[in-house]
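The primary structure of each chain is shown beneath.
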Amino acid sequence: MELRDYKHMYGRMGMPTDMDGRIRDTVLNQQEGKDFSMKRNNFKKKAVAAALCGIVLAGGVSAYAATGNGPLLSLFKNESSEVKDHAAHLIDTEVVQEKGNKLLDYAAFEVTEAVCDKNQVIVQVEVKAADADKYLLIPQDCEPDLDPVSNLDIRNAKVNEQLTVAEYAKSLGKKCLRVSASVDCQADSQSINNYMKADGTMVYTIQFENKEKGKKLNYVCDTAVSAPGSDNVLRDSLKFTLTDKTDVKTVKYIPATDGKIAGTNLIVDEVTFEKSDLSMVCNVKYHYTGNKKNWEYTTIDGGIVFDLLDENGNMVDLSDSGYGGETSVDGNTAVQSSSFSLKDLPDIVTFNAKSLDEYDENGKKSYGKFDVKLAK
């Protein structure tokens, strides 16, 4: 399975949130050719999938979408100057919030920066230990006796990376304090990426699709601390409000021919690109025409991925600063949604339709390319 395909199918696997990060990281690291051990996985980046409900069958927000750490503007370093300018304008460094106080004996949580766009939301949460001389903050899924201290990604500090997290904490005369942060939102999944400042502040970058689509968006950041020497997890939350200052322009395309996908009972109806200030979401709408009474996305006629191609016939990568993709199904109609970097579109756009999990002698089974043309 290719990394891009895994992004598209991840959410529909419906894995429990206490395991999905580790299982998903295993696949991602293998696909990127990295050495990997379940005992020493990189806990800096994980994806959290919400309980799937309604018609949503597939979600794939990639934790690896957020490739840069630090001020949120750094997440857009590989984007165009236009997107960088938009991001700089949209970043909120004074987020309106109501802070909780149940965890203050151990740690304080604060939303320090946020970007709210019609297509996506990115939130930065800082966690400070109440007693920085006593506690070393670590992510909830860290295994301090096994994970290397390099996984903490401590910035601007000299660290002996041969040490485990536990050994590093001991060298500082500190105890490990597990913390976590996530956002309660309507998105089917969210990416969570963390690093540590030299002063011990843990910084979480949380990214998810903007499902609410309102001008004023109210969210809750769920926070937790595992008390040292105890199995008790102390939970709290802080409410915060974001303002969406962007607009969306929708560009519609229709099949250049009949829209039939050869070798399947699927027909493409239309493709729309929703272009916001930071990215564009490509929605491929298609339907099933076969005889099965209970058509499912996971069957041979449904397990399909539409790859956007550039003018040279190469697959266009998903946006660095956006979420991966999802496929929603309503009856015999499905829509695949994927996030791409903001760009100008030609009058004719080409896609490659391929199987999600079938192979032939050439590798991933392809049903061929097809064009869609700008609707007049």
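Residues numbered from 1 in each chain as written. Predicted model: local features only at pLDDT ≥ 70, side-chain atom pairs only at ≥ 80, totals over all residues. Heavy atoms only, no water.

1. Topic: the overall build of the protein
Line of reasoning, step 1. When its secondary structure is counted, the protein shows 4 helices and 19 strands.
Line of reasoning, step 2. When burial is assessed residue by residue, the protein has 52% of its 376 residues classed as buried.
Line of reasoning, step 3. Intrachain contacts of the protein at a sequence separation of at least 6 include 65% that bridge at least 24 residues.
Line of reasoning, step 4. When the accessible surface of the protein is split by element, carbon and sulfur atoms take 45% of a total near 17100 Å². (Helix = DSSP H or I, 4+ residues; strand = E, 2+ residues; numbered from the N terminus. Buried < 20%, exposed > 50% of the residue type's maximum accessible area, 1.4 Å probe, protein only. Contact = heavy atoms within 4.5 Å. Areas by Shrake-Rupley, 256 points an atom, 1.4 Å probe, with all protein chains shown as cover.)

2. As for the pairing of strand S14 (residues 279-288)
Line of reasoning, step 1. Within S14, 8 of the 10 residues are buried, which leaves the element mostly enclosed by the surrounding structure.
Line of reasoning, step 2. Pairing of strand S13 (residues 266-275) with S14, which is carried by 9 bridges, proceeds in the antiparallel orientation. Across the sheet, the residue bridging to Ile267 is His287, located in S14.
Line of reasoning, step 3. Turn length for the S13-S14 hairpin, with the two strands adjacent in sequence and antiparallel, is 3 residues.
Line of reasoning, step 4. Alignment of S14 against strand S17 (residues 333-341), held across 9 bridges, turns out to be antiparallel. Paired with Asn283 across the strands is Ser337, a residue of S17. (Pairing = 2+ DSSP bridges.)

3. Some remarks on the pattern of salt bridges
Line of reasoning, step 1. Within this structure, the stated rule accounts for 8 salt bridges.
Line of reasoning, step 2. Between Arg155 and Asp153 there is a salt bridge whose closest N-O contact spans 2.9 Å.
Line of reasoning, step 3. In this structure Arg155 comes out as partly exposed when scored by relative accessible area, which is 26%.
Line of reasoning, step 4. Judged by relative accessible area, Asp153 falls into the buried class, the value being 15%. (Salt bridge = Lys/Arg side-chain N within 4 Å of Asp/Glu carboxyl O.)

4. With respect to the confidence of the model for the protein
Keep in mind that low pLDDT regions are not for reading the predicted coordinates in detail.
Line of reasoning, step 1. Mean pLDDT over the protein stands at 81; residues scoring 70 or higher make up 78%.
Line of reasoning, step 2. Of the regions scoring below 50 in pLDDT, residues 1-42 engages in 106 contacts with residues more than four places distant in sequence or in other chains.
Line of reasoning, step 3. Here residues 49-69 is modelled with pLDDT under 50, and outside its nearest four sequence neighbours on either side it reaches 83 contacts, counting other chains as well. (pLDDT = per-residue confidence, 0-100.)

5. As for helix H3 (residues 81-90)
Line of reasoning, step 1. Those residues of H3 not exposed but buried are Val83, Ala87 and Leu90. Buried residues of H3, viewed axially, fall in a sector of 65°; they line one side. Opposite its buried face, H3 presents the exposed residues Ser81, Asp85 and His89, each directed more than 90 degrees away.
Line of reasoning, step 2. On the buried face of H3, the contacting elements are strand S4 (107-116). (Arc of directions from axis to C-beta.)

6. A look at the environment of Leu309
Line of reasoning, step 1. With respect to the element layout, Leu309 can be found in strand S15 (residues 304-309).
Line of reasoning, step 2. Owing to a relative accessible area of 11%, Leu309 belongs among the buried residues under this scheme.
Line of reasoning, step 3. Once the C-alpha coordinates of Leu309 and Lys369 are considered, the two residues, 60 residues apart in sequence, prove to be 9.2 Å apart.
Line of reasoning, step 4. Those residues in contact with Leu309 that lie beyond four places of it in its chain are Asn314, Met315, Val316, Thr350, Phe351, Asn352 and Lys369.

7. What to know about the side chain of Asp277
Line of reasoning, step 1. Locating Asp277 in the fold gives a position in the loop between S13 and S14.
Line of reasoning, step 2. Apart from the residues within four sequence positions on either side, Asp277 is in contact with Val83, His86, Leu90, Asp117, Thr246, Asp247 and Leu342.

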